[in-house]
Amino acid sequence: MKLLVFLAASLAAILARPSYAGAPATACTSDCKIENNCRCSRRSGPFDGDITEYPQLITLTFDDAVTTKTYQLWYDLLMSRTNPDGNAIGATFYVPHEYTDYQKVNELYNYGFEIAVHSITKNPLQSYWRTASENTLEQEFGGQKQIISKFANIPLEEIQGVRTPQLQLSGNNTISAYRASDLSYDSSWPTLPSKPLFPYTLDYLSTQDCNLGSTCPNEAFPGFWVLPIMDLNGPHGGWCNSLSSCNMTGTADQIADWLCNEIVKVKDNTRVPLTLSVNSYWFEFTNNSLAGLTQCLDTLQDSSDVFLVTHKQVIDWVKNPVKLADFQTEDASNQVSNCNEYNCSLMKDGKTMYMKTCVSCPAAYPWLGNPNGDPK
Ligand SMILES: *[C@@H]1O[C@H](CO)[C@@H](O)[C@H](O)[C@H]1NC(C)=O
Ligand SMILES: *[C@@H]1O[C@H](CO)[C@@H](O)[C@H](O)[C@H]1NC(C)=O
Ligand SMILES: *[C@@H]1O[C@H](CO)[C@@H](O)[C@H](O)[C@H]1NC(C)=O
Ligand SMILES: *[C@@H]1O[C@H](CO)[C@@H](O)[C@H](O)[C@H]1NC(C)=O
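Residues numbered from 1 in each chain as written. Chains lettered and ligands numbered in written order. Predicted model: local features only at pLDDT ≥ 70, side-chain atom pairs only at ≥ 80, totals over all residues. Heavy atoms only, no water.

- Naming follows an unreviewed UniProt entry, where the protein appears as Chitin deacetylase 1 of Chrysomela tremula.

### Description of the overall build of the protein
Item 1. Of regular secondary structure, the protein possesses 10 helices and 15 strands.
Item 2. For a compact globule of 376 residues, the expected C-alpha radius of gyration is about 21 Å, and the protein comes in at 21 Å, within 12% of that figure.
Item 3. Taken over the C-alpha atoms alone, the protein extends approximately 65 × 50 × 40 Å along its principal axes.
Item 4. For the protein, the proportion of its 376 residues judged to be buried stands at 53%. (Helix = DSSP H or I, 4+ residues; strand = E, 2+ residues; numbered from the N terminus. Rg over C-alpha atoms; globule rule 2.2 N^0.38 Å. Buried < 20%, exposed > 50% of the residue type's maximum accessible area, 1.4 Å probe, protein only.)

### A short note on the site of ligand 2
Item 1. Around ligand 2, a shell composed of Gly237, Gly238, Trp239, Ser245 and Asn247 is seen.
Item 2. Glycine 237 is positioned with one of its backbone polar atoms (N or O) 3.4 Å from an oxygen atom of ligand 2.
Item 3. Between a nitrogen atom of ligand 2 and a main-chain N or O atom of serine 245, the distance comes to 3.3 Å.
Item 4. When ligand 2 is considered free in solution it has 370 Å² of accessible area, and contact with the protein chains removes 41% of it. (Near = heavy atom within 4 Å. Polar contact = N/O pair within 3.5 Å; in protein donor to acceptor, adjacent residues only side chain to side chain. Areas by Shrake-Rupley, 256 points an atom, 1.4 Å probe, with all protein chains shown as cover.)

### Thoughts on the state of the cysteines
Item 1. On inspection of all chains with the given rule, the structure shows seven disulfides.
Item 2. The disulfide partner of cysteine 240 is cysteine 246, and the gap between their sulfur atoms is 2.0 Å. One disulfide, between cysteine 240 and cysteine 246, carries an S-S torsion of 95° and so falls in the right-handed class.
Item 3. Judged by its relative accessible area of 3%, cysteine 240 is buried.
Item 4. Judged by relative accessible area, cysteine 246 falls into the buried class, the value being 3%.
Item 5. What pairs with cysteine 344 in a disulfide is cysteine 361, and their sulfur atoms sit 2.2 Å apart. Because the torsion about its S-S bond is -90°, the bridge between cysteine 344 and cysteine 361 counts as left-handed. Of the two residues, cysteine 344 is situated in strand S14 (residues 342–348) and cysteine 361 in the segment after strand S15 (351–357); the sequence distance between them amounts to 17 residues.
Item 6. For cysteine 344, a relative accessible area of 0% translates into the label buried.
Item 7. On the accessibility criterion, cysteine 361 (36% relative accessible area) is partly exposed. (Disulfide = S-S within 2.5 Å.)

### A few points about the UniProt feature "domain: NodB homology" (unreviewed entry) in the protein
Item 1. The sites that UniProt annotates as "domain: NodB homology" (unreviewed entry) are residues 56–154.
Item 2. Annotated as 44% helix and 18% strand, the span residues 56–154 places its first and last C-alpha atoms 29 Å apart. (UniProt positions renumbered as here; feature names shortened; annotations may be inferred.)

### Regarding the pattern of salt bridges
Item 1. For the coordinates displayed, the defined rule picks out 14 salt bridges.
Item 2. The partner of glutamate 284 in a salt bridge is lysine 69, and the shortest N-O contact between them spans 3.7 Å. Here glutamate 284, found in helix H8 (residues 280–285), pairs with lysine 69, found in helix H2 (residues 68–78); they are 215 residues apart in sequence, far enough to count as distant.
Item 3. Assessed through its relative accessible area of 58%, lysine 69 is described here as exposed.
Item 4. A salt bridge links aspartate 349 to lysine 348; the shortest N-O distance between them is 3.3 Å.
Item 5. According to the relative accessible area criterion, lysine 348 is buried, its value standing at 16%.
Item 6. Because the salt bridges share partners, they merge into one network encompassing Asp63, Lys122 and Arg163. (Salt bridge = Lys/Arg side-chain N within 4 Å of Asp/Glu carboxyl O.)

### Examining unusual backbone geometry
Item 1. Although it is not a glycine, glutamine 166 adopts a positive phi angle of roughly 60°.
Item 2. Within the secondary structure layout, glutamine 166 lies in the loop between strand S4 (161–162) and helix H6 (171–180).
Item 3. Overall, the relative accessible area of 34% leaves glutamine 166 in the partly exposed class.

### Here's the deal with the packing of aromatic side chains
Item 1. Enumeration according to the criterion identifies 19 aromatic pairs in this entry.
Item 2. Residues tryptophan 74 and phenylalanine 93 carry aromatic rings whose centres are separated by 5.1 Å and whose planes lie at 55° to one another, so their mutual orientation is tilted. Of the two residues, tryptophan 74 is situated in helix H2 and phenylalanine 93 in strand S2 (residues 92–96); the sequence distance between them amounts to 19 residues. As far as the burial class goes, tryptophan 74 and phenylalanine 93 line up, both buried.
Item 3. Grouped by ring-pair contacts, the aromatic residues Tyr128, Trp129, Phe141, Tyr178 and Phe224 constitute a single cluster.
Item 4. Across the ring face of tyrosine 71, the terminal group of lysine 104 is positioned such that the distance to the ring centre comes to 5.2 Å.
Item 5. Taking the ring centre of tryptophan 367 as reference, the NZ or CZ of lysine 348 above it sits at 4.3 Å. (Phe/Tyr/Trp six-rings, centres within 6.5 Å; stacked < 30°, edge-to-face > 60°. Lys NZ or Arg CZ within 6 Å of the ring centre and 35° of its normal.)

### Things to note about the side chain of asparagine 110
Item 1. In this structure, asparagine 110 sits in helix H3 (residues 102–110).
Item 2. By relative accessible area, asparagine 110 is classed as buried at 18%.
Item 3. Among the polar contacts listed, one links the side chain of asparagine 110 to the backbone nitrogen of serine 337, at a separation of 2.9 Å.

### Some points on the site of ligand 4
Item 1. Residues in contact with ligand 4, as listed here, are Asn343, Tyr354 and Lys356.
Item 2. Taking asparagine 343, its side chain carries an N or O atom lying 2.3 Å from an oxygen atom of ligand 4.
Item 3. Lysine 356 places a polar side-chain atom, nitrogen or oxygen, 3.5 Å from an oxygen atom of ligand 4.
Item 4. A total of 360 Å² of accessible area belongs to ligand 4 in isolation, and the protein chains cover 42% of it.

Here it is in structure tokens:
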């Protein structure tokens, strides 16, 4: 009897799964309602009246491996900053696997930052991501979600965001792989400053331009969110989707002025949520970049309507777009997940890799197809 009930429940669960396989996305209609977790891709924001009554949301994002060195940089940049409501700021870490110290990832999580998925390999070849099969991508993204959850001891359901390396989407395959990995939003799709877009879902056909040589999805993926990355205007003309690719040079004052001016333009014109991608190599290769960014963030702290939040909070706000007077960031700094530290020494391709974890060391270095690091 118990078995029958179980089978019936499983069957019901399978039948209840939304079936989206193969359905081509069509132009968005008025059936798409935010109450149903649906939003058309469009330039207008979820505002009712004057945009100045609403918060400007900004998400600082990081997609380098979390190491002792990068952790220290980020710690100095982010800690002790607060939003206008007095809560600690948010930021989102898209974590790649190789060289990552999962004890440090656990610390970032416990400070209230959002932990999301980058990939296992962070393969530097654009063509790899552009042409990857759904199965490879599921191993990359779903595998990394599992690795983070297990080794940094973070509940699986807390890991919802994903960014593809090099921002190279492989069309429907990428989103199918995200869905199969139980991920619910993407931050890999850039848009030009002249075409600002608010976050939207892929229930219907996206109106976003497909740049960078990616293939963009055109199948319907109900309830899956896209957080467009709006490019900044580089100081020499041209657009850039990460701070390092803007080629801004100069004194800390000059870098801060350029960046803050870009942010003020967005705040004054559209209040579209901004994603600022911060690569650690920018700090290594551009003099004064860290000081300039720090200075601009310091200046922003004087504005009563600019909030540094996680991507998760951006989506929450789009679903419930309250005005400044009612806007409250989450104080997530009380989430606590234990970490019993282990420094694991594991072989990968004949090389010793050190991996810090919150659980006892695996038998093998976790990798594609073996995220748990099971014995080979
Ligand atoms: C994505 O899926 C849709 C629906 O099946 C299909 O029409 C379209 O050709 C696919 N796109 C690519 C690039 O494979
Ligand atoms: C930055 O420099 C690179 C290499 O010269 C160039 O390809 C890119 O377009 C520049 N980006 C901007 C925003 O000017
Ligand atoms: C960066 O600063 C160092 C030390 O002041 C200087 O030697 C170097 O030429 C600078 N690099 C650039 C690209 O300006
Ligand atoms: C882990 O142990 C190795 C070997 O003792 C050491 O070289 C490395 O610095 C340790 N890693 C960390 C992050 O403590």
